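# A closer look at the structure
One letter stands for each residue in the lines below.
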Amino acid sequence: MLATKIRTAFAPCSLATWPAPLEAHPALARALGLQALWLKREDLTGGNKVRGLEFLLAGASRGSVFVTIGATGSSHCLATARAAKSQWYHTAVATFPQPETDASRTIAAATAATADLVVRASSGVMLPWAVLRAWRAAHHLGPATPRWIPGGGADPRAVVGHLLAALELSAQLDTPPDTIVVPLGTGGTAAGIALGVAWLGWSTDVVAVRVAPRIVANRWRTVRLARKAAALIRRAGIEFNVLGSALRVRVVHAMGRGYGHPTEDGERARTLAAEHGVRLDPTYGAKAFGVLQRADVNVQRVVFWHTFAWP
């Protein structure tokens, strides 16, 4: 079994209990005019970033220090700080401002309470200086040289973790869905899902809903991450042949005015989801869910990747 071979070869640490649940939501599907809707509840296992962190933190010695970046309301920064703390590691985080919402304020407070150090840039332009300060300070948090984790955890090793999530899905559904809808930020989650769909031989479309600037959230970067993860798996001695042409990623734009700014479509989607007991955040989940109400996105049997874990 591929998942077993991957876990044996990469020896990820354990940060959650898998599989993440898959929930059918027939009433919400009817409200959206869909044939079927399932939610992949990554939010119930600490959020989607936990998948990648199991691989990114693997093999580090006790007291290791990890440095990463994100917005003030970054679920990645919070997940990194929490995961590192659970493994007796340290974290230094550099953040840049984003529009304030209940979600971003809650996450910022939780990150500040969990990470060993948070260096806040006054603007996006000043972020490189904040990163430099965080990196220098990280040398004083532990005995070993700090380790870098890219923003959003967008690293081929992390993509392997998201591939495992797609393999989980194959055991939870009797037949492949027509579409998987996932928020697109730095691309790691969408890359892993697309890689899994390709390996399974499904004709499922992966609709990646862009919620971040195009320079980081785009199809080229997502496919590149998937290809690098596939190469990493092969280098580990695992037979894993996936053609680049089999990576079915379609990017739909839904960022609105900018990263973290709520949108009208997103807020309507958030209200509708809440009426059916589903809580979405305004930065990722609501904007991605909003495409299910758009006339230009024709989907019927859908798996929605619920990525955001509320603190």
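Residues numbered from 1 in each chain as written. Predicted model: local features only at pLDDT ≥ 70, side-chain atom pairs only at ≥ 80, totals over all residues. Heavy atoms only, no water.

Looking now at the overall build of the chain. Helix and strand content of the chain: 11 helices and 10 strands. Taking 311 residues into account, the globule formula puts the C-alpha radius of gyration at 19 Å, and the chain, at 19 Å, falls close to it. The C-alpha extent of the chain, read off along each of the three principal axes, is 55 × 45 × 30 Å. In the chain, which comprises 311 residues, the share counted as buried stands at 59%. Contacts spanning at least 24 positions in sequence make up 81% of the contacts within the chain whose residues lie at least 6 apart. Counting every atom, the chain has about 13200 Å² of accessible surface; 52% of that belongs to carbon and sulfur. The centroid of the 34 positive side-chain charges in the chain is displaced by 8 Å from the centroid of its 19 negative side-chain charges. (Helix = DSSP H or I, 4+ residues; strand = E, 2+ residues; numbered from the N terminus. Rg over C-alpha atoms; globule rule 2.2 N^0.38 Å. Buried < 20%, exposed > 50% of the residue type's maximum accessible area, 1.4 Å probe, protein only. Contact = heavy atoms within 4.5 Å. Areas by Shrake-Rupley, 256 points an atom, 1.4 Å probe, with all protein chains shown as cover. Lys, Arg positive; Asp, Glu negative; His and termini not counted. Charge placed at Lys NZ, Arg CZ, Asp CG, Glu CD.)

In this structure the tally under the stated criterion is zero disulfides. Looking at the unpaired C13, the closest cysteine sulfur is the one in C77, lying at 17 Å. We classify C77 as buried; its relative accessible area is 1%. (Disulfide = S-S within 2.5 Å.)

Taken together, the side chains of V125, M126, W129 and L132 define a hydrophobic patch exposed on the protein surface, amounting to about 420 Å² of accessible area. Of note, V125 is situated in the loop between β5 (117-120) and α6 (127-138). (Patch = residues over 30% accessible without salt bridge, like charges linked within 9 Å, V, L, I, M, F, W, Y side chains within 5 Å. Salt bridge = Lys/Arg side-chain N within 4 Å of Asp/Glu carboxyl O.)

Moving on, we get to the packing of helix α8 (residues 188-200) against helix α9 (residues 219-235). For the pair α8 and α9, interaxial distance at closest approach is 8 Å and the crossing angle is 60 degrees. One finds that α8 runs oblique with respect to α9. The interaxial crossing formed by α8 with α9 has right-handed handedness. Residues G188, A190, A191 and L195 of α8 touch α9, and the partners they reach there are T222, L225, A226, A229 and A230. (Axes fitted to C-alpha atoms, helices over the stretch in contact; angles between N-to-C directions. Parallel < 35°, antiparallel > 145°, perpendicular 65-115°, else oblique. Left-handed = near helix turned anticlockwise from the far one by under 90°.)

What follows covers helix α4 (residues 75-86). For α4, spanning 12 residues, the distance from its first C-alpha to its last is 16 Å, which sits close to the expected 16 Å at 1.5 Å a residue. Of all the 12 residues making up α4, nine are buried; the element is thus mostly covered by neighbouring parts of the structure. The complete set of buried residues in α4 reads S75, H76, C77, L78, A79, T80, A81, A83 and A84. Contact partners of the buried residues in α4: α3 (49-56), β3 (65-71), β4 (90-96) and α5 (102-114). Capping of α4 at its N-terminal end is provided by S74; its side-chain oxygen lies 3.2 Å from the backbone amide nitrogen of H76. Among the residues trailing α4, W88 stands out with phi positive, at a value near 65 degrees. (Expected span 1.5 Å × (residues − 1). Polar contact = N/O pair within 3.5 Å; in protein donor to acceptor, adjacent residues only side chain to side chain.)

Strands sit in the order β5-β4-β3-β6 across an open sheet of four strands; the sheet is parallel. At either margin of the open sheet sits one strand with a lone partner, and together these are β5 and β6 (147-148). Bridge count between β3 and β6: two bridges; the pairing is parallel. Paired with F66 across the bridge in β6 is R147. Seen against the sheet, α6 touches β3, β4, β5 and β6 and runs at an angle of roughly 170 degrees to β4. (Pairing = 2+ DSSP bridges.)

Keep in mind these values describe shape, not function.
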